[in-house]
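# Geometric and topological summary
Chain by chain, the residues:
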Amino acid sequence: MTLHLYDTYSRSLRPFAPIAAGKAGLYACGPTVYDYAHIGNLRTYLFVDGLRRALEFNGLQVRHVMNITDVGHLTSDADSGDDKVEARSRRSGKSAWDIAAEFTRAFESDLHQLNILPPTVWCRATEHIAEQIAFIGDLEAKGYTYRTGDGIYFDTTRQDGYGKLARLKRDGLQAGKRVALGDKRDPCDFALWKLSGVPGQRQMEWDSPWGLGFPGWHIECSAMAEKHLGAYFDIHCGGEDHVAVHHSNEIAQTQARHGTRLANFWLHGAFLKTQEAKMSKSSGDFLRLHSLVEQGIDPLAYRYLCLGAHYRSSLNFTDEALRAAASGLARLRSTVHGLGEAEGDADTAWLARFAAQINDDLNYPRALAEAWELLKSALPDGVKKTTMLRFDAALGLRLGEWFPVVEVLPDAVLAWMAQREAARKERRWGDADTLRGLVRGAGFEIDDTAQGPRARSLD
């Protein structure tokens, strides 16, 4: 069975064949660590996690690289404005280094709570300055750069195919439409190295052949992806907002240096929307995962919600949808737990049905539906449990780790439950119903499970 993925570069669904047999190189654009991630950002990382898990479900060894942008991401795609980390530093009174460290830790905590697998390699932009300078030097030697008053820029007019990823029409672009022109020769040109201006004005700056400064956002990913995966690897992914600028510029740089488009496949996840508007940090009105937890929502309920929508389809977030997802996850956990111990091997026919869905461009909504169908099947419970746990290697819901909350029951309730069980065995159904009523009057409900009766609070 072959995994098929939708490649943004070719605008087609293509069969995935790894460049190196049995292995897959995966680069995912990570966060700019000047603020907390919002749940829209986290939807993208859930998509990436689903991709990685699908690759591993197909038996591939994945080398997953994710960057941390701790310098160089300016507030405008026009390469103008402040560095986002430095700007946050000035507002907070903390150092830029401390800001980056604080929000990196918060991001890693979010990933853990959502059961997103950590990347094989974390790479920070500030730890790869030498690689970025070397990359820019090669571009300069090949004639792809020019200098302005504020930095070194990439000359996109040198590439006839610039912007193919986004299907940009250069003839229709005018200065001021996509970005402000400033000292740039063309609206699409972008910064490779920004000059600091007054020395010491910035906290993060480095010496370079072009003067004291810092790298542009796009050169970071090209340089780090190449160092850790090579100049041409299997898959590069991120949010759909990266297509027109960031990823187009990554491709342009690597084509100029190596003649490749950097990755064989380019995958992009769609936005999370609230009331049909994209969730964004710039609006100042966004939800953190922590906000959901404070409302009593299990973080994995948000993962379950995202599993219900295809990664290339926008997802409209509402409280009602999240509550429904939490209810669905609770039912799934309870049902799987009620199967008892896993026994034997996973059922191959059901594994094939499940794999067919995730291999169809990561169709997790249909894969989740297959999981529910499995639970209704006639398979023995132990085999169902084994098979569901194999499914969960891709779903990532930690189904095998969940156990119902153990209530501390009053002695009277324990006695009534024991008497009820005796009455049931003796088929004294009226007495059993009376005892259930006593338990309910004390504030508890009895659930009869495959492992015996369980009491839960009615509160």
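A short tour of the structure in this document, coming up.

### Examining the state of the cysteines
Enumeration according to the criterion identifies zero disulfides in this entry. Counting only cysteine sulfurs, Cys29 is the nearest neighbor of Cys188, a cysteine outside any disulfide, at a range of 19 Å. Exposure remark for Cys188: the relative accessible area of 2% places this residue in the buried category.

### Details of helix α4 (residues 129–141)
Residues separated by three or four positions in an α-helix point in the same direction, a consequence of the helix having 3.6 residues per turn. If you check α4, its first and last C-alpha atoms are 18 Å apart, about what 13 residues at 1.5 Å a residue would give, namely 18 Å. Within α4 the residues assigned to the buried category are Ile129, Gln132, Ile133, Phe135, Ile136 and Leu139. In a view along the axis of α4, the buried residues occupy a sector of 160°, so they form one face of it. Facing away from the buried side of α4 by over 90 degrees, the exposed positions are Ala130 and Ala141. Looking at the buried residues of α4, the elements they touch are β6 (145–147), β7 (151–154), β8 (190–195), β9 (213–215), α5 (217–229) and α6 (243–258). Just past α4, the residue Gly143 takes up positive phi, approximately 85°.

### Re the sheet that holds β7
Sheet strands pair via backbone hydrogen bonds, and the direction of the pair is either parallel or antiparallel. One open sheet holds the four strands; their spatial order is β6-β7-β8-β9, and the pairing between them is antiparallel. In this open sheet, the two edge strands, each paired with only one partner strand, are β6 and β9. Averaged over all neighbouring strand pairs, the angle between strand axes comes to 25°, with direction disregarded. Note that β7 and β8 share four bridges and pair antiparallel. When the bridges of β8 are listed, Tyr153 appears paired with Ala191.

### Re the side chain of Asp110
Along the chain, the position of Asp110 falls in helix α3 (residues 96–113). There is no salt bridge for the buried Asp110, and the closest opposite charge comes from Arg288, which lies 5.6 Å off by N-O distance. Filtering out sequence-adjacent residues up to four positions away, Asp110 remains in contact with Ala37, Leu42 and Leu289.

### Things to note about the pairing of strand β2 (residues 12–15)
The pairing of strand β1 (residues 4–7) with β2 spans four bridges and is classified as antiparallel. The residue of β2 that forms the bridge with Leu5 is Arg14.

### Quick look at the environment of Trp350
Locating Trp350 in the fold gives a position in helix α10 (residues 348–358). Distance from Trp350 to Leu389, taken between C-alpha atoms, is 12 Å for residues 39 residues apart in sequence. Once you skip the residues sitting within four places of it in the chain, Trp350 turns out to touch Glu370, Glu373, Leu374, Ser377, Leu379, Thr387 and Phe391.

### Here we look at the packing of aromatic side chains
In the structure shown here, the tally under the stated rule is twelve aromatic pairs. For the pair Tyr302 and Phe317, a centre-to-centre distance of 6.4 Å together with 70° between the ring planes defines the contact as edge-to-face. Residue Tyr302 is located in helix α8 (residues 299–307), and its partner Phe317 is located in the loop between β14 (315–316) and α9 (319–337); the two are separated by 15 residues in the primary sequence. In textbook terms, an aromatic cluster arises when at least three aromatic residues are bridged by ring pairs, as seen for Tyr45, Phe107 and Trp122.

What counts as what
Residues numbered from 1 in each chain as written. Predicted model: local features only at pLDDT ≥ 70, side-chain atom pairs only at ≥ 80, totals over all residues. Heavy atoms only, no water. Disulfide = S-S within 2.5 Å. Buried < 20%, exposed > 50% of the residue type's maximum accessible area, 1.4 Å probe, protein only. Helix = DSSP H or I, 4+ residues; strand = E, 2+ residues; numbered from the N terminus. Expected span 1.5 Å × (residues − 1). Arc of directions from axis to C-beta. Contact = heavy atoms within 4.5 Å. Pairing = 2+ DSSP bridges. Axes fitted to C-alpha atoms, helices over the stretch in contact; angles between N-to-C directions. Lys, Arg positive; Asp, Glu negative; His and termini not counted. Salt bridge = Lys/Arg side-chain N within 4 Å of Asp/Glu carboxyl O. Phe/Tyr/Trp six-rings, centres within 6.5 Å; stacked < 30°, edge-to-face > 60°.

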